[in-house]
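Structural characterization, general
Residues per chain are reported as follows:
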Amino acid sequence: MKNIFKALSLSYKSAPLAVREQVALTEEEIKNFSLKIRDLFGIQESLVVSTCNRTEVYYVAEQNITAELIKVLLIEKGITNTELYFDYFQQLNTQAEAVQHLFEVATGLHSKVVGDLQIPNQVKQSYQIAADLNMAGPFLHRLMHTIFFANKRVAQETSFRDGAASTSYAAVALTEEVTRNINNPKVLILGLGEIGIDVCKNMADQEFAEITVMNRTRAKAEKIAAGRNFRIADFSTLEREVKRADVIISSVMIDKPIVTKELIERIGILTFKYFIDLSVPRSVEDNVEEIPGALVYNIDSLRERADEALKSRLASIPHVERIIAEAIVGFDDWSKEMVVSPTINKLKNALEQIRKEEMARHLKNLSPEESEKIEKITMGIVQKIMKLPVIQLKAACKRGDADQLVDVLTELFDLEKQTDNSAYSH
């Protein structure tokens, strides 16, 4: 039962965006793939995580079938020349490697923006899918809840989650901050280049505002809005949408400002309007802020915010790593004990069988009260007999030499005839 947990990973660290896009799985595809590998390989526990930055499969199996899973994944995505893609995948073929990797991914150590919660949240969603498919058994349940507890400690004990450590997320955090006293604020995301798309992705997890997306090419806006609760506006309606919005986040690539003082004077400002300009060169004119009620934030001020947050997060990494290391030690102890659970159960069943047989021989002429007393006494005796072997087995697990003791107990009590109730139940 050693090294039962393994994984494969394709991420932004090992593969370009074009490859990651080809391999990425939708939620429906995650479900179908999980069921397929259960049918093909008898895998009963698996976790499939897929985002724009990574696609990973974690699984429980005694045999190493990582290469086969990569092949099935690629074929499922319509890639027939699978050999060309193998080098993009990291194969984690020992339990120690796979557990460490999942902890680091799920706490945000491997996020593109370190400490970002997007990937941890997606890991949680993937775990929910596995649970819904009955593909999260005792091992995965225990592992994931250990990770959740470690994440809670990271949030409480470190600065790893503090601040907005990317420019796009800083724009979202600033938007939430300035609209705190506005009921259902309206946010216009203007321009859907790389940074505009990042803003949209970060906004998708928020529920504090009504989001409108606008791009010169409407088809791109429609693609970004698909599956999200976003409005789409035509570029030709720029003036109307700027007038309607409380916050305008602009990342338009343009030679001269698209949001000018003249435009804002024309539409008028009744209360406050916030302009977050992420463009280089700027897309919001400098002198817009001369208009009462107009407040302009440029990319430099947001970068300062993001840099400060990032410094704080990076300084917290050693503490996060210590929390992970402590959590893994506890999980490993449980995992080792899990290996001897069948023997413990068999021994318990063997002693219980002896107790019941002896009880049946001697209880015939006793009153119900006497029978109940003897039942309690004999159950207590069995528990006391069990105590030392269980302690010794668990201690042997930690030393890594439980096999010999398991063999001795199995031979002494003829445990092979006992039914193995569960490898995980203890």
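Residues numbered from 1 in each chain as written. Predicted model: local features only at pLDDT ≥ 70, side-chain atom pairs only at ≥ 80, totals over all residues. Heavy atoms only, no water.

Helices and strands together make up the secondary structure of the chain, namely 14 helices and ten strands. At 29 Å, the chain has a C-alpha radius of gyration far larger than the 22 Å of a compact globule built from 426 residues. Burial status across the chain gives 46% buried among its 426 residues. In the chain, once contacts between residues fewer than 6 apart in sequence are set aside, the share between residues at least 24 apart is 71%. Approximately 22200 Å² of the chain is accessible, and the part contributed by carbon and sulfur atoms is 50%. Here the chain contributes 53 positively and 61 negatively charged side chains, and the mean placements of these two sets differ by 2 Å. (Helix = DSSP H or I, 4+ residues; strand = E, 2+ residues; numbered from the N terminus. Rg over C-alpha atoms; globule rule 2.2 N^0.38 Å. Buried < 20%, exposed > 50% of the residue type's maximum accessible area, 1.4 Å probe, protein only. Contact = heavy atoms within 4.5 Å. Areas by Shrake-Rupley, 256 points an atom, 1.4 Å probe, with all protein chains shown as cover. Lys, Arg positive; Asp, Glu negative; His and termini not counted. Charge placed at Lys NZ, Arg CZ, Asp CG, Glu CD.)

With that settled, the discussion passes to the packing of aromatic side chains. In the structure shown here, the tally under the stated rule is eight aromatic pairs. Put simply, the rings of Phe5, Tyr58, Phe139, Phe331 and Trp334 pair up and form one aromatic cluster. Over the ring of phenylalanine 148 we find lysine 124; its NZ or CZ atom is 5.2 Å from the centre of that ring. (Phe/Tyr/Trp six-rings, centres within 6.5 Å; stacked < 30°, edge-to-face > 60°. Lys NZ or Arg CZ within 6 Å of the ring centre and 35° of its normal.)

Within a beta sheet, neighbouring strands are joined by backbone hydrogen bonds and run either parallel or antiparallel to one another. Spatially, the six strands line up as an open sheet ordered 7-6-5-8-9-10, and their pairing is parallel. The open sheet has two edge strands, strand 7 (230-234) and strand 10 (294-298), and neither has a second partner. Strand-to-strand, the axes of this sheet are offset by a mean angle of 20°, without reference to chain direction. Pairing geometry for strand 5 (residues 186-190) and strand 6 (residues 210-215), over five bridges, is parallel. (Pairing = 2+ DSSP bridges. Axes fitted to C-alpha atoms, helices over the stretch in contact; angles between N-to-C directions.)

With 15 residues, helix 2 (residues 27-41) extends 21 Å between its outermost C-alpha atoms, agreeing within 8% with the 21 Å of an ideal straight helix rising 1.5 Å per residue. When we look at burial in helix 2, the residues that qualify are Ile30, Phe33, Ser34 and Ile37. Within helix 2, the buried residues cover an arc of 100° as seen down the axis, which keeps them to one side. The secondary structure elements touched by the buried residues of helix 2 are strand 2 (46-50), strand 3 (54-60), helix 3 (66-76) and helix 5 (118-132). (Expected span 1.5 Å × (residues − 1). Arc of directions from axis to C-beta.)

Quick look at the packing of helix 2 against helix 3 now. Contact geometry for helix 2 and helix 3: axes closest at 11 Å, N-to-C directions at 135°. On the basis of the axis angle, helix 2 is oblique to helix 3. Helix 3 is crossed by helix 2, and the crossing has right-handed handedness. The residues of helix 3 that touch helix 2, namely those facing Phe33, Lys36, Ile37, Leu40 and Phe41, are Glu68, Leu69, Val72, Leu73 and Glu76. Tallied by class, the residues present in the contact of helix 2 with helix 3 amount to seven nonpolar, no polar and three charged. (Parallel < 35°, antiparallel > 145°, perpendicular 65-115°, else oblique. Left-handed = near helix turned anticlockwise from the far one by under 90°. Nonpolar A, V, L, I, M, F, W, Y, C, P; charged D, E, K, R; others polar.)

Attention shifts here to the environment of arginine 231. Mapping arginine 231 onto the fold places it in strand 7. Along the chain, arginine 231 and isoleucine 211 lie 20 residues apart, while their C-alpha atoms are 6.2 Å from each other. The contacts of arginine 231, once residues within four sequence positions are left out, are Glu210, Ile211, Thr212, Val213, Glu241 and Arg244.

A few words on the packing of helix 4 (residues 95-107) against helix 5. At a minimum axis distance of 6 Å, the contact between helix 4 and helix 5 shows a crossing angle of 120°. Our classification of the angle between helix 4 and helix 5 gives oblique. Facing Leu102, Val105, Ala106 and Thr107 of helix 4, the residues of helix 5 in contact are Ile119, Pro120 and Val123. By residue class, the composition of the contact of helix 4 with helix 5 is six nonpolar, one polar and no charged.

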